[in-house]
Every structure is written in C-alpha cells, then in structure tokens.
Amino acid sequence: MPKASFGASTLSREASATRSGGNSPFRRVLVIGLDGATFDVLGPLMDRGLMPHLKELVTGGVSGALESTKPPITPAAWTTFMTGKGPGRHGIIDFLRYDPDADRLQFNNHIEIREKTIWEILSEKGVRVGSLNVPMTYPPRRVNGFMISGFDTPSVELDFTYPRELKDEILRRYPDYTHEKKWQRHPLGGDKLFRQNLEYICQSFDRGYELARFCGDRYGWDVLMVLFKLVDNLQHKTWRYLDPRTAHLNPRRSEWTIGCFARLDENIGKLVQLARAHGAVVFVMSDHGHGSLEGKAQPNLLLRDWGYLKLRDRLEQARTRTSLIVNRLFKKKNGSPAAGNHHLEHELAVDWSRTQACVMHAGIYGFLYVNLRGRQPRGIVDPADYERVRDELREALLASRCRTPTGEQVPIFPEVHRTEELYGCRRDEQPWLPDLLLVPAPGLAVVKKIRGFSAVRWMPLRRMEGTHRVDGVFAANGTGIVRGETIRAGIADVTPTLLAGLGLPVPADMEGRVLREIFDRPIAVEYEPPQSRDVAAAEKPMLTAEDEAVLASRLTDLGYLE
Ligand SMILES: [Zn+2]
C-alpha cells in the first residue's frame, strides 16, 4: 500500500495551515448517508411529524433532489460522491465489472477506484476523517482517522477496519456484527417474521449511531460520514407498504415499516446533537432515489430475437450447468475464470461462436458489450464492423416499445448511450466500459436473464417491490448555510462543496461543481492541480471465488445480479 504523508500528531496545525485564511464557512462536517432515500417517502413522513429531526434539518437549511449517476446504483454513485468524478473516470459502474481480456465478470472493490477519494484527499491535508459503512470502501485503506468498510465486505473475518485493531473492538462490542444477514422469508413466517426483519434493520440504524459516537470519541474527527445502508434494503423489500397505491392493502405492515423510518430519525437526531457538540455542519445525502419496481426489461431476449445473440441447445445448457455446480463444489477457493464467469454462464448459456452482442451484467441499467474480435478471447465481430453493429443495436433498442399494464405504449429504453460519449472519456483508456449503456423506462430494472417470451415482464402490483430512481436527497444545515432554500444538485457536487466549505482547495479535475448557492455569503473557491491516484502501485487483491459467492448471494437477495 502506498505510504501517505500524514501523521496524527500534527493534524490540526496542518489542517488549519492548508485552509484559506482560517475563516472558512465550515469547521467540521458530518455527512449522514441514507442509501436509496427519496423525498417521495421522507416528505410525507416529515409532514406527518414522524421524522421531526430530519424535518428540522430540511426546513432550517437547504434541501433538494440530488441527481444520481447513470446508472443510479450504489457502487457507481457512492464512488462518484467520494471522488467528485463520474464512472468514466473512477471506473466503477456496477457491483460487477466485465474484464473483456479475461472474459470474466468480477466484483469491484475499493482498490479498483482509479481516482483519489475524499478520504485520501482530506487525509493528505491533515484533516481527521471517519468513514463508517460507506459502500466501496472494502478493503479499507490507510487514512488519517478511521474507516469501517461497508456491506460489500465479504466477511467480518477479513480486515474491514482501519486501523486494524478497531475490528477486534467492534467484534467485542457486537459479537453478532455481520453483513451476511438477509431478509428472512418463510411461507409460515407471517407478520412475526416480517417484524423480525424490520427490527434487524432498526438495530442497524441504532448501531450506526453508536459506532459513530464510539469511534468519534476514540479517534476524533473533522469530517465524519455515517452511512445507513439498510434504508435501501428496507425500501426494496417493503415498497408496497410505502407506496400510496398499495399501502392501504395492509395498514399494519405499512405502519410497522414507517416505524423503521421513525427509528432512523431518532438516530439522525442523536447524530445532529453529536455534530452540534463538535461545531459541525450536517449534510444529509443519498446515492440514488427509490420507487416502485414495475417490471423487468430483458434486452438479451431482444438481442436473441434479432439474431445478435445465440443460445446453446438445451442438452449443452444442462451440461454446462452441471459442470458449473461441480466446479463450485470443488474449486471454491481458487478464483478460476470458470468460477468468476459463473454469474453469466449459469444464467444464460450463450453460444459465443455465433453471438455478436450481449448484456453481460445489469444493475438497474444494462451493460451491453459487442463480442469484438481481438478484444474478447471468443470475439467474432470484426473491428471494422464494430461501429456499424453498435449503431444498429442502439437504433433498434431505442425503437423497442412495450405495452404497460394500463395499455400505454412506451419505449423500453428511452436512452441508450455510447459510454465514452456519456462519460466524456476515451474508450481505449477505459476498456471495462460497456459499449452501450441501456437506460430503462422509470420503474423497470434491466436483467440479463431471459425468462418467458416478452421483452418486459411486468410485476403484479400487489407483490410490488422497490427499485432505484435517479433523484436522491440532499440537505445541508448549520452555521454558514442558507435557510429554507430548495436546490437541485448532482451527486458529484457534494465533495467539491464540502472541500470548499472547509476552505480547502478543490482538485481542478473534479467533475462536480461547488454548490455556492448553499452558503449564506459568497465564498472564495481555490482550485489545485489534479492529482491522480497511483493505480499501478495499488495492490489488486482479487476476491476469492468464495468471497465472490458470498457477495453474489447477498446481492441476489436484493434483486441484483439477475
Ligand atoms: Zn438498492
């Protein structure tokens, strides 16, 4: 791991020396991360008086929609927050990454982030940081403060904290500390099991606050982030009890679900007290919003129907499945390509010798790769035909329509992007980027599987679950921040704003803008030359096949990786 040039003993002096003039608007910042939060849920709860602490933050400060990344999915979006840059720069577009050279899907992790994160930037300036449960921070890196990695930590047996000894402390305090717990289902579980699931989520909210206080007391902080991941999980699992169209069908479950948000609010209230005691302003933000899951879009079905994707015959499919199961049973520990490719081969028996394009993975949006000769080992599309094939596919996907349950004709993919155009980067420098990014209509989630005969499988309303939306939430409150204003911002804007508010220079290549409108007086923003992260020197610990299997099962529980 590259040595950073910070030391705990000289912090405050370094920090204040770096800050411009010592009269910056913020002394300290507490960031409360609410994964997947939306004002569509929080707004009515605040109006009903069920989230008084959040309401106080919103009404006494600035707030508004925070636009997520494309795709609006946890790893891409939180990494965009952490770097102030988009996926074309930091390299994280999904939980998974398709490596065309190795023809393999693998899980992204902290090490793969190609740009410096806010934790590194602040640490190098001598600012004391604490990062608690932020996704894409496993494995944790050395920082000037502490870091507890998030739900993408494969196992608590691994080192999930910086400093390392913090892990032992956490496990002593919470012997049941885990990321493995899933939403429990049982045909006879009924309301009792439902409430147990909710109680676990509420406990995770309590624990978020407790750990923030404990670690804060132990290590101190100038910038602290506490992330409540299970807000997103809660909405995925209980959307039908939150959505006004269906909540009345089971008023008791609806009230219990809302009770979780009240418990979240209690912890927000305690965190705000902590912030006030430290002279910190409070930011509240989410990585993306949430809404109903209306149906699943199957672009690979369209590709098959159009002749771009060929599946192997049934006998061969059965043989592949058997060999994959055997592989899984006996080769768990080595990260063999077969094990890594499991997610794709098991779901979709593609005949690569006759396939020109395939959606290799999907995370709300679809990630389509042309099967390009010379790039993928089994590629068949001549490089001379690449742009033609890509254009044909883009046109065809944009033109595909479906009939909604209410009889309306809508485009399945209102946007289909060439990723280098979307992200403003060069393809040859970013080989992991898909050739096309498929944006489904709101309410649809893209899956790579093919089930049935229709390009969209609609969900029955009564069984409705939740899925992501682009608009998340943002609020800021405290000394130096205007009151009662509504703004609209992008998730990449938060980090440059935070740096500028602390009187620190903003790296000139950050894609987000400083949200000058949140400050109660004009602020001077200083920029500094871009500093890239030394990616080549970074270790690249590949997760073991076992780690990947654990993560796959955890994400499948949330409806991802389909
Ligand atoms: Zn989610």
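Residues numbered from 1 in each chain as written. Predicted model: local features only at pLDDT ≥ 70, side-chain atom pairs only at ≥ 80, totals over all residues.

### Points about the overall build of the protein
Step number 1: Helix and strand counts for the protein stand at 18 helices and 24 strands.
Step number 2: The burial tally for the protein puts 50% of its 562 residues in the buried class.
Step number 3: The long-range share in the protein, meaning contacts at least 24 apart out of those at least 6 apart in sequence, stands at 71%. (Helix = DSSP H or I, 4+ residues; strand = E, 2+ residues; numbered from the N terminus. Buried ≥ 20, exposed ≤ 12 C-beta atoms within 10 Å, placed from the backbone. Contact = placed C-beta atoms within 7 Å.)

### Points about the sheet that holds strand β16 (residues 415-418)
Note on sheets: strands pair through backbone hydrogen bonds, and any given pair is parallel or antiparallel.
Step number 1: With respect to topology, four strands assemble into an open sheet ordered β12-β13-β17-β16, the strand pairing being antiparallel. The outermost strands of the open sheet, each flanked by one partner alone, are β12 (357-363) and β16. The average undirected angle you get between the axes of adjacent strands in this sheet is 25°.
Step number 2: Where β16 meets strand β17 (residues 436-439), four bridges bridge the pair, whose relative direction is antiparallel. (Pairing = 2+ DSSP bridges. Axes fitted to C-alpha atoms, helices over the stretch in contact; angles between N-to-C directions.)

### Describing the sheet that holds strand β11 (residues 295-297)
Step number 1: Ordered in space as β18-β11-β19, the three strands form an open sheet in which the pairing is mixed. Bordering the open sheet on either side are β18 (444-446) and β19 (456-458), each of which pairs with just one other strand. The sheet shows a mean angle of 25° between the axes of neighbouring strands, taken without regard to direction.
Step number 2: For β11 and β19, the ladder comprises three bridges, and the chain directions are antiparallel. From the neighbouring strand, glycine 295 faces β19, where its bridge partner is tryptophan 458.

### Some thoughts on the environment of alanine 445
Step number 1: Tracing the sequence through the fold places alanine 445 in strand β18.
Step number 2: When the 23 C-beta atoms within 10 Å are taken as the criterion, alanine 445 is described as buried.
Step number 3: A C-alpha to C-alpha distance of 4.9 Å links alanine 445 and lysine 296, two positions 149 residues apart in sequence.
Step number 4: Residue contacts for alanine 445: discarding those within four places in its chain leaves Leu293, Lys296, Ile364, Pro440 and Thr467.

### As for the environment of proline 460
Step number 1: Mapped onto the fold, proline 460 is located in the loop between β19 and β20 (465-469).
Step number 2: You can call proline 460 exposed: it has 7 C-beta atoms within 10 Å.
Step number 3: As for proline 460 and leucine 293, which are separated by 167 residues in sequence, their C-alpha atoms are 9.8 Å apart.

### Points about helix α2 (residues 39-47)
Step number 1: For α2, the complete set of buried residues consists of Phe39, Val41, Leu42, Leu45 and Met46. Viewed end-on, α2 has its buried residues packed into an arc of 160°, placing them on one side of the element.
Step number 2: Residues of α2 that are buried make contact with α3 (52-59), α9 (230-242), α10 (251-277), β10 (289-293) and β21 (471-477).
Step number 3: Directly after α2, the chain includes glycine 49, whose backbone phi takes a positive value near 80°. (Arc of directions from axis to C-beta.)

### A look at the nonpolar core
Step number 1: Judged by nonpolar contacts, the single largest core of 151 residues is most densely connected at Val29, Ile32, Leu271, Val282, Val284, Leu438 and Val473.
Step number 2: Shared between two domains, this core holds at least three residues of each, these being domain 1 (30-293 + 466-557) and domain 2 (296-311 + 350-458). (Core = buried A, V, L, I, M, F, W, Y, C linked by C-beta atoms within 7 Å. Domains from an automatic or database assignment.)

### Considering unusual backbone geometry
Step number 1: Following tyrosine 138, the chain continues to proline 139 via a peptide bond in cis, the omega torsion being -10°.
Step number 2: You can see proline 139 is positioned in the loop between β5 (129-134) and β6 (145-149).
Step number 3: Cis peptide bonds are those with omega within 30 degrees of zero, and the linkage from tyrosine 162 to proline 163 qualifies with -5°.
Step number 4: The residue proline 163 is located in the loop between β7 (161-162) and α7 (165-173) in this model.
Step number 5: Positive phi is not limited to glycine here, since methionine 136 has a value of about 65°.
Step number 6: Looking at the secondary structure, you find methionine 136 in the loop between β5 and β6.
Step number 7: What makes methionine 136 buried here is the crowd of 24 C-beta atoms within 10 Å.
Step number 8: For isoleucine 364, which is not a glycine, the phi torsion comes out positive at approximately 65°.
Step number 9: Here isoleucine 364 is to be found in the loop between β12 and β13 (365-370).

### Focus: the packing of α9 against α10
Step number 1: Their axes nearest at 9 Å, the elements α9 and α10 cross at an angle of 150°. Taken together, the axes of α9 and α10 lie roughly antiparallel to each other. Along this stretch, α9 crosses α10, giving a crossing that reads as left-handed. Contacts between α9 and α10 involve Val231, Leu234, Thr238, Tyr241 and Leu242 on the former and, on the latter, Arg253, Ser254, Thr257, Cys260 and Leu264. (Parallel < 35°, antiparallel > 145°, perpendicular 65-115°, else oblique. Left-handed = near helix turned anticlockwise from the far one by under 90°.)

### Things to note about the pairing of strand β8 (residues 223-228)
Step number 1: Counting buried residues along β8, six of its six residues qualify, which places the element largely inside the surrounding structure.
Step number 2: Of the two faces of β8, the one lined by Val223, Met225 and Leu227 and the one lined by Leu224, Val226 and Phe228 are each fully buried.
Step number 3: Two elements, strand β1 (residues 28-34) and β8, share six bridges in a ladder whose sense is parallel. If you follow isoleucine 32 over to β8, its bridge partner there is valine 226.
Step number 4: As judged from the four bridges shared by β5 and β8, these two strands associate in the parallel manner. Paired with leucine 132 across the strands is valine 226, a residue of β8.

### Topic: the packing of α3 against α10
Step number 1: One way to put it is that α3 packs onto α10 with a least axis distance of 7 Å and a crossing angle of 55°. Taken together, the axes of α3 and α10 lie oblique to each other. On α10, the residues that touch Pro52, His53, Leu54 and Leu57 of α3 are Asp265, Ile268, Gly269 and Val272.

### A short note on the confidence of the model for the protein
Should the pLDDT be low somewhere, the predicted coordinates at that spot are not to be read in detail.
Step number 1: Of the residues in the protein, 89% have a pLDDT of 70 or more, and the chain-wide mean is 90.
Step number 2: Between residues 1-5, whose pLDDT stays under 50, and residues either more than four places distant or in other chains, the model counts 10 contacts.
Step number 3: When the criterion is pLDDT under 50, residues 7-14 qualifies, and its contacts beyond four places in sequence or with other chains add up to seven contacts. (pLDDT = per-residue confidence, 0-100.)

### Things to note about the environment of leucine 45
Step number 1: Summarising the element assignment, leucine 45 is placed in helix α2.
Step number 2: Look at leucine 45 and you get buried, because 20 C-beta atoms sit within 10 Å.
Step number 3: Beyond its immediate sequence surroundings of up to four residues, leucine 45 is in contact with Leu50, Met51, Ile258 and Phe261.

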